[in-house]
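# Fold and contact review
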Amino acid sequence: MLAADYAPQPSIDALLALTAPGMDRVNAVILDRMQSEIPLIPELANHLISSGGKRLRPMLTVASAGLLDYAGDAQYALAAAVEFIHTATLLHDDVVDGSDMRRGKAAANIIFGNPATVLVGDYLFSRSFELMVEAGSLRVLEILARASAIIAEGEVDQLTAQRKVETSEEHYLQIIEAKTAALFAAACRISAVAAGRSAAEEQALDDYGRYLGVAFQLVDDAIDYDSESQEMGKGKGDDFRDGKMTLPVILAYAAGTPEEQQFWRDAIAGFRTEDEDLAEAVAIIARHGTVEATRQRAADYAQKAMDALSIFPDSPMRRAMQEAALFSVARRY
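Residues numbered from 1 in each chain as written. Predicted model: local features only at pLDDT ≥ 70, side-chain atom pairs only at ≥ 80, totals over all residues. Heavy atoms only, no water.

## Here we look at the nonpolar core
Counting 102 residues, the largest nonpolar core has L144, Y208 and W264 as its most contacted members. With 13 residues, the top contributor of residues to this core is helix α8 (residues 169–194). Residues in contact with Y208, not counting those within four places in the same chain, are L60, C188, A305, A308, L309, M321, Q322, A324 and A325. (Core = buried A, V, L, I, M, F, W, Y, C linked by side-chain atoms within 4.5 Å. Buried < 20%, exposed > 50% of the residue type's maximum accessible area, 1.4 Å probe, protein only. Helix = DSSP H or I, 4+ residues; strand = E, 2+ residues; numbered from the N terminus. Contact = heavy atoms within 4.5 Å.)

In structure tokens form, the structure reads like this:
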């Protein structure tokens, strides 16, 4: 199946519609399980959870269950666990990065402070493991626990690679496969486990989620340097000012002139972080077409995600999940 088989403007509307009843039940679990007698916990958790994210990762758990015609209740608790893991990592990330914005509004650490933000992230991790245990499957527990460990490894790997202009494309892909794609993969795979499906079907859903996660992150990286893109809900140029070697920068550095490479060495080291420096970074990246190159790599991963679903019979859910892969690349926010 080729991308050309689809309409020019893919969307996730079909996926949203097909998963809406299941996501209503997931949202009920989320709201129930983030409550606490300590008022700050639900207040801080709700600040992020209710901030307008599409909840793509738990949606993938529900979608994968629908693809398999699995109607058991375990999917809702597991999808909520996936969302809690994701939310906890976002809370911790914002503290590590010193972020000011998240999803278009002030980050939790700015409002509530770093200590409270870290501790509520820990609380949500604990809640996620409660939900995993309640699902009654050691295999599911193994998958999500392992994914949580891989995400943490990826975040530490990214931290150690920060401000290192020599970071390679291969190393960077390893980072995003861990910090982003691992949870996408686990979110899809656990539905196959809950449904008692074959190892081949488990692996196909894992592959779909993993490739989709890489494509999703690469597009995020492209958007941060795409002068024509809409704001994506975080501070424009955050990656640049934090000295993160994302793929558009890695490719631009490799293709750059000696003068451009010196600019990147200074910028990534933290010596050139003003607005005019960001404008220069965007100009260099535009000259070498590395936003487009990053999107092309994302498109290649999206195609792999679509192909991974080919072992399943054609259905509205399969088509919606494949279109979601195309949307992940086409989006501008």
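## As for the packing of helix α2 (residues 40–49) against helix α6 (residues 114–135)
Interhelical geometry of α2 versus α6 gives an angle of 90 degrees and a closest axis separation of 10 Å. Between α2 and α6, the angle is such that the two are roughly perpendicular. The segment α2 lies against α6, with L40, I41, L44 and A45 engaging A116, T117, V120, Y123 and L124. (Axes fitted to C-alpha atoms, helices over the stretch in contact; angles between N-to-C directions. Parallel < 35°, antiparallel > 145°, perpendicular 65-115°, else oblique.)

## Description of the packing of helix α4 (residues 74–97) against helix α7 (residues 138–161)
Close contact between α4 and α7 brings their axes to 12 Å; oriented N to C, the two are set at 15 degrees. Taken together, the axis directions place α4 and α7 in an arrangement best described as roughly parallel. Of the two possible hands of crossing, α4 and α7 adopt the one that is right-handed. When α4 is examined against α7, the residues L78, A81, V82, I85, T89, D93 and V96 are found in contact with a partner set consisting of V140, L144, S148, I151, E155 and L159. Its residues assigned to classes, the contact of α4 with α7 comprises nine nonpolar, two polar and two charged. (Left-handed = near helix turned anticlockwise from the far one by under 90°. Nonpolar A, V, L, I, M, F, W, Y, C, P; charged D, E, K, R; others polar.)

## Topic: the pattern of salt bridges
Tallied over the full model, the rule gives 19 salt bridges. Of the charged contacts in the structure, one is a salt bridge between R33 and D32, with a shortest N-O distance of 3.4 Å. What makes R33 buried here is its relative accessible area of 19%. Here E260 and R287 are joined by a salt bridge, their closest N and O atoms 3.0 Å apart. Taken as a pair, E260 in helix α12 (residues 258–268) and R287 in helix α13 (residues 275–288) lie far apart in primary sequence, 27 residues in all. According to the relative accessible area criterion, E260 is buried, its value standing at 8%. Residues participating in the shared-partner salt-bridge network are R139, E142, R189, E202, D206 and R210. (Salt bridge = Lys/Arg side-chain N within 4 Å of Asp/Glu carboxyl O.)

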